[in-house]
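A structural walkthrough
The residues making up each chain are set out below.
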Amino acid sequence: MPTKTSKNPNCSLLQAHRCLYKPVLPEILKKGPCFVKVKTGKATQSVADQATVKKMFPNTYGMPEVTFIKGSNPAVGKKTVKAAVVLSGGQAPGGHNVIAGLLDGLKKANPKNKLYGFLGGPSGILDAQWKEITPKLMENYRNTGGFDLIQSGRTKIESEEQLAKALDTLKKYKVNALIIVGGDDSNTNAGVLAEYFKQQGADICVIGVPKTIDGDLKNDKIETSFGFDTATKIYAEMVGNICRDVNSARKYWHFIRLMGRSASHITLEVAHETHPNVTLVGEEVLAKKMTLKQIIDYLAGIIAARAKQGKNFGVVLVPEGLIEFIPEMKALISALNDLLADHEAELAKMDSITEKKEFIISKLPAKLAALMKSLPAGIASQLMLDRDPHGNVQVSLIETEKLLVEMLRTRLAEMKKADKYNGKFSAIMHFFGYEGRCGVPSTFDANYTYALGYNAAALALNGCSGYLSSVRKLTRKPQQWECGGVPLTMMMNIERRKGKEKPVIRKALVELTGEPFKQFAKKRDLWAMSEAYLFPGPIQYFGPAEVTDMITYTLRFERGGKK
Ligand code: FBP
């Protein structure tokens, strides 16, 4: 059916139709921010290191959780607000809908309210690069993937000078609310800014929005970060297609590394959606203190057992963050992090990676130096690449699947010599990461992000600075979702970053006692030896609600039983 928007040459037909989709708002937000009141809960505490976090955040520590309840609140419509939004960190499907919800919420409260977008992530605040987001501009971005409306970036606003610069920009343009859409690191930054503005007596409200495909920014009140639903559906489609190819050709082992910087939530979710033969879970590797050799033995055992049945094929899922969970690699990475930070200037003067590597190896303790030398050259170099501005290793650039396959080839050859393996091992390697981050948001993510943005507008208009937008009870229909805010300091603990102790929002890793892992553990032996593959197919945007509105296994397992 042709539509008005489909005449835009830069707009695909699907995009044109999706632009017309009206996200379903939770009932509580439907009449707009002037019809919700703030109900406060009990005072909160940080998840760990309470005394230190409290000392670092004297103005924002201990704030109560807030929930929106029905009630007349005309005061929020009487003030005129200039809000600004910034997209921070990796892309996640639904970012544009956060902005759409924010814009619509602000305008509903008072049509004179304005929304600016800082360009290119937090650096846009420092460099005062922004554009106004008008309803007209927003039109073609509703329900689309990507962050291209204002782009994103990973700059961390940290030094006194940067904090002061950020404040200067916001004061100059009379911005009274800043909405930071980001993951754990970016929302830590939101907490730091909220505290700093209060310390400086600046009346600027800072609100965070939980974004990351990794799914590791969650707790009791943040049931999932946005983007996880769509990204896992995209990866599951691709993995399912490979499972079908494997089962048709029956000649390759496919090793698929899936994104997720640290936590293995994405890999576990995709495993539930596709039933691959082997799924490695980083958190289990850490809990069992599995060495690289033990991981290789585990994989080789399954490959040999399938070969015995004449099955020289299969699918293995490898979480991107696995490398940091293997105890000896974790120790090596941690030592490298400190060395790279301590010797930044000296290393910058060296031209070749070989020179850098030799220098680093000479500074490592003997055991770690030996490990570094034993790694394939490519992997050792990848481990030394620059950390991101938050001090994280860029695991998306480390080809762990190649490391595993290389080591497996050696192991299987040894087993062959010892008459313990009599198969054929042809491996194909993949990395599915960036493919999933800018997909057209699923119906769940389209609704969830719009609600998160609209809710952030209500929080900002109520002056709830230092809060993360929280939309919960997500296994229910969107109309029944609950809305409110969670203090950012409540999620913090102290961690070592770039060689220093820093307050950061604690990542939610896969819990081995949690239902998503327990359900997987029950079935993995069956999946290992059979071809119980599932083929989820592409995300459906139109059709029966049970297909279009499907939520993740993770959310269902974690929240399904809760009221
Ligand atoms: P966020 O935590 O910022 O959402 O980013 C997540 C992620 O997609 C990881 O899964 C991945 O390791 C990383 O970003 C890649 O970062 P970059 O985009 O800088 O290459």
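Throughout what follows, the structure given in this document is the object of discussion. Residue positions are counted from 1 within each chain, in the order its sequence is given. With the structure being a predicted model, the display of local features is reserved for residues of pLDDT at least 70 and the display and counting of side-chain atom pairs for 80 or more, all residues being used for whole-chain, interface and lining totals. To obtain the side-chain values, all non-hydrogen atoms of the structure were used and water was disregarded.

**Comments concerning the nonpolar core**
By size, the foremost hydrophobic cluster in this structure holds 81 residues, and its most contacted members are Val-85, Ile-99, Leu-115, Ile-133, Ile-179, Tyr-235 and Leu-258. Beyond its immediate stretch of four places on either side in the chain, Ile-133 contacts Val-85, Ile-99, Leu-103, Leu-115, Tyr-116, Gly-117, Met-138, Leu-149 and Ile-150. Nonpolar cores are built from buried Ala, Val, Leu, Ile, Met, Phe, Trp, Tyr and Cys residues. Side-chain atoms within 4.5 Å join them into one set. Throughout this description, buried means an accessible area under 20% of the type-specific maximum (1.4 Å probe, protein chains only), exposed means over 50%, and partly exposed covers the range between. Residues Phe-255, Ile-296, Val-318 and Met-384 belong to the second largest nonpolar core, which totals 55 residues. Every residue pair with non-hydrogen atoms within 4.5 Å of one another is taken to be in contact.

**A short note on the packing of aromatic side chains**
To describe a pair of aromatic rings, you give the distance between the ring centres and the angle between the ring planes. Working definition: a ring pair exists when centres of Phe, Tyr or Trp rings (six-membered ring for Trp) sit within 6.5 Å. Plane angles under 30 degrees give stacked, over 60 give edge-to-face, the rest tilted. Across all of its chains, the model carries 12 aromatic pairs by this definition. With a centroid separation of 6.1 Å and 85 degrees between ring planes, the pair formed by Tyr-448 and Trp-481 is classed as edge-to-face. Highlighted residues: Tyr-448 in helix H20 (residues 443–461) and Trp-481 in the loop between strand S13 (467–472) and strand S14 (482–487), separated in sequence by 33 residues. Each of the two residues, Tyr-448 as well as Trp-481, counts as buried. Put simply, the rings of Tyr-116, Trp-130 and Tyr-173 touch in pairs and so form one group of aromatic residues. Two conditions define a charge located above a ring, namely a distance within 6 Å from the ring centre to NZ of Lys or CZ of Arg, and an angle within 35 degrees of the ring normal. Lying across the ring of Phe-35, Lys-31 places its NZ or CZ 5.0 Å from the centre. Strands here mean DSSP runs of E at least two residues long; helices mean DSSP runs of H or I at least four residues long; both are numbered from the N terminus.

**Re the side chain of Arg-257**
Tracing the chain through its elements places Arg-257 in strand S9 (residues 253–258). A distance of 2.6 Å separates the side chain of Arg-257 from the side chain of Glu-401, its partner in a polar contact. Residues in contact with Arg-257, not counting those within four places in the same chain, are Val-318, Glu-320, Val-395, Ser-396, Ile-398, Glu-399, Thr-400, Glu-401, His-430, Phe-431 and Phe-432. What qualifies as a polar contact is a pair of N or O atoms within 3.5 Å, subject to a donor-acceptor requirement within protein and to the restriction that residues adjacent in sequence count only when both atoms come from side chains.

**Points about the pairing of S9**
Burial within S9 is extensive, with 6 of its 6 residues counted as buried. The alternating pattern of S9 places Trp-253, Phe-255 and Arg-257 and His-254, Ile-256 and Leu-258 on opposite faces, both of which are buried. As paired strands, S9 and strand S11 (residues 314–319) are joined by 6 bridges and run parallel to one another. In the sheet register, His-254 faces S11, and the bridge partner there is Val-315. Pairing between two strands is assigned when DSSP locates at least 2 bridges connecting them. Relative to strand S12 (residues 427–432), S9 runs parallel, the two being bridged by 6 bridges. Residue pairing for S12: Arg-257 is matched across the bridge by Phe-431.

**Some remarks on the pattern of salt bridges**
Pairing of side chains with opposite charge becomes possible as their charged atoms draw close. For this document, the term salt bridge refers to a Lys or Arg side-chain nitrogen within 4 Å of an Asp or Glu carboxyl oxygen. For the coordinates displayed, the defined rule picks out 25 salt bridges. For Lys-156, the salt bridge identified is with Glu-158, shortest N-O distance 3.3 Å. Taking relative accessible area as the criterion, Lys-156 reaches 16% and is therefore assigned buried. Among the salt bridges present, the one from Lys-233 reaches Asp-229, with a minimum N-O distance of 2.8 Å.

**A few points about the site of the ligand**
Neighbouring residues of the ligand: 14 residues in total, closest Gly-90, Arg-154, Asp-214, Glu-320 and Tyr-434. Within the side chain of Lys-211, an N or O atom sits 3.1 Å from an oxygen atom of the ligand. Take Asp-214: an N or O atom from its side chain is 2.7 Å from an oxygen atom of the ligand. When the free accessible area of the ligand is taken as 480 Å², the share hidden by the protein chains comes to 88%. For the shell around the ligand, a count of residues per class yields 3 nonpolar, 5 polar and 6 charged. Only a single heavy atom is needed: when it lies within 4 Å of a molecule or strand, its residue is near that molecule or strand. Using a 1.4 Å probe, accessible areas were evaluated by the Shrake-Rupley method; residue-level cover was limited to the displayed protein chains. Here the term charged refers only to Asp, Glu, Lys and Arg, the term nonpolar to Ala, Val, Leu, Ile, Met, Phe, Trp, Tyr, Cys and Pro, and the term polar to all other amino acids, Gly among them.

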